[in-house]
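Structure at a glance
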Amino acid sequence: MNGEGNDTAVEANETAADASHGRTGQAQGRPDQAQGRPGQAQERPGQAQGIPAANEPPGEGTAGDAAALVEQNAVKPAELSCPQCGVVVYPGEAFCENCGHQLIAGRPGNGAPRPSGGAECVGCGEAAVDAEGYCEHCGLKQPADRDHLEVEVRTPGGPVAGVSDRGKRYARNEDAFAIAPHPTGVAAVVCDGVGSSPRPETASRAAADTAATEIASALGAGATPADAVRTAVQAAATAVAELADSPEQAPSCTFVTAVTGPDGVTVGWVGDSRAYWLSADDLRADGADGGLADTGELNAAAMTAELAADDPNATTPDAETVPLGASRRLTDDDSWAAFMVASGALTEAEAEAHPNAHVITAWMGADAGEVRPHVRGFLPDRPGTLLVCSDGLWNYFPGAEDLAAVLRNAQADPAADPTGAARTLVRHALDAGGRDNITVAVLPMAAAPSTEQAR
């Protein structure tokens, strides 16, 4: 990877269908695509054994034999699909390699000793789960610990929650999140593993855990929220970089955090994971007719100011604390589209329509160079909710008004039930297609004290 984005080489060659979804598993080039997921339509040894190539003569058989061979050649065994998950399967396979569904009638254990000694299968109950997570008795692929995670943390200011789901398309969850209370509030971190890198799930996990721990520790030692975020980002970036076997084999991820406290909200990010503010006024059912004043579009003015600096990822000065009123997006993506809009080269519509729209331009990893986070402060003037999420959510609901509408229409109140609100958002992303891993942290907030009081 180079400074043009860790996924540029992969994503420039993505299909149009993948490009329409953005980086979520396409623009970030998931290994399921680049290397082939088990059960995908890859060529397999012996796939066409016994069938002559289309340009070979049928040999010395009869005309009927030749016709049979032609008809046999016209059949494409690779087009068979698993009735359970729809992934391509091949003749003779007993189980789907993707979901473990049994393809041939009869249990493999009938008439033979049952395997034992592994973990217990959630399907058949046999102690026969192998190291790859498949039951050797019934073939069922076991759910991974990270396939679906829910965490609720009680804090002095009330509960906060996070939910992460693998989604419908990928075999593993490469997102990670962490929630850490600190003496005056709470910090939430969400990281999205870059699928074109090796072991992206380890990168996201290392970054989220390291950053959450560092933020809580720094704030406990008296650091300002902005300094705590910068310290945490550097520690997380180092932790991710140390996972690399070489510069060419460097696990990587994006990063976003939101930190609450008596002085308001501090957000920091690297990449295209996002933070949003949803005003409590915009979440009430009686506001369903409108009234949202979303400012979640690309903040071109702010980004243009940053581009004027030596580094395009320069940090916004701490002094520029922005009042929070109506719902809005709090972060600007480190992406090709955002860069082109900020530089004035393309309109937002033109940039978003480009195949490279969601190629990211900043990330954490040994190949990322110096990692310099964006850090911004906000002061809520009314109650509301902070959302911190990966693009598996915001690709379906990109604006703050979209997210608020999902919660409002579902009558999901984050202040009363943050876990329920997080589940609602994840469920709606799954219902919309679930093409990527989906992660969201929900942090309800009361209005911050006035600036004079905070000082």
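Residues numbered from 1 in each chain as written. Predicted model: local features only at pLDDT ≥ 70, side-chain atom pairs only at ≥ 80, totals over all residues. Heavy atoms only, no water.

Where burial is concerned, most of strand S4 (residues 158-165) is hidden: 7 out of the 8 residues are buried. Across 8 bridges, strand S3 (residues 148-155) lies against S4 in antiparallel orientation. Its bridge partner lying in S4, His148 is registered against Asp165. What sits between the antiparallel neighbours S3 and S4 is a turn of 2 residues. The sheet contact formed by S4 and strand S16 (residues 438-445) spans 5 bridges and is antiparallel. Opposite Gly162, over in S16, you have Ala441 as the bridge partner. (Buried < 20%, exposed > 50% of the residue type's maximum accessible area, 1.4 Å probe, protein only. Helix = DSSP H or I, 4+ residues; strand = E, 2+ residues; numbered from the N terminus. Pairing = 2+ DSSP bridges.)

We now examine the nonpolar core. Of all hydrophobic cores here, the largest spans 30 residues; its most connected members are Val189, Phe255 and Met364. For this core, the elements supplying multiple residues, two or more each, are strand S5 (175-182), strand S6 (185-192), helix H6 (200-220), helix H7 (225-241) and strand S8 (255-261). Excluding its chain neighbours within four sequence positions, the residues that come into contact with Val189 are Ala176, Phe177, Ala178, Ala208, Ala211, Ala212, Ile215, Phe255, Val256 and Thr257. Leu393, Tyr396, Ala400 and Ala422 belong to the second-largest nonpolar core, a separate cluster that totals 25 residues. (Core = buried A, V, L, I, M, F, W, Y, C linked by side-chain atoms within 4.5 Å. Contact = heavy atoms within 4.5 Å.)

All right, on to the packing of aromatic side chains then. In this structure the tally under the stated criterion is 0 aromatic pairs. A cation sits over an aromatic face here: Arg274 above Trp394, 3.5 Å from the ring centre. (Phe/Tyr/Trp six-rings, centres within 6.5 Å; stacked < 30°, edge-to-face > 60°. Lys NZ or Arg CZ within 6 Å of the ring centre and 35° of its normal.)

Spatially, 6 strands are ordered S5-S6-S8-S9-S14-S11 in an open sheet, and the strand pairing comes out mixed. Each edge of the sheet is formed by a strand with only one pairing partner; in this case those strands are S5 and strand S11 (322-324). Taking each pair of neighbouring strands and ignoring which way they run, the sheet shows an average axis angle of 20°. Where S8 meets strand S9 (residues 264-270), 7 bridges bridge the pair, whose relative direction is antiparallel. (Axes fitted to C-alpha atoms, helices over the stretch in contact; angles between N-to-C directions.)

Next up on the list: helix H13 (residues 400-409). Within H13, 7 of the 10 residues are buried, which leaves it mostly tucked inside the rest of the structure. All of the buried residues along H13 are Ala400, Leu403, Ala404, Ala405, Val406, Leu407 and Arg408. On its buried face, H13 is in contact with strand S10 (274-279), helix H8 (280-283), strand S12 (328-329), strand S15 (384-389), helix H12 (391-394) and helix H14 (418-431). Two residues or fewer past H13, Gln411 is found with a positive phi of approximately 55°.

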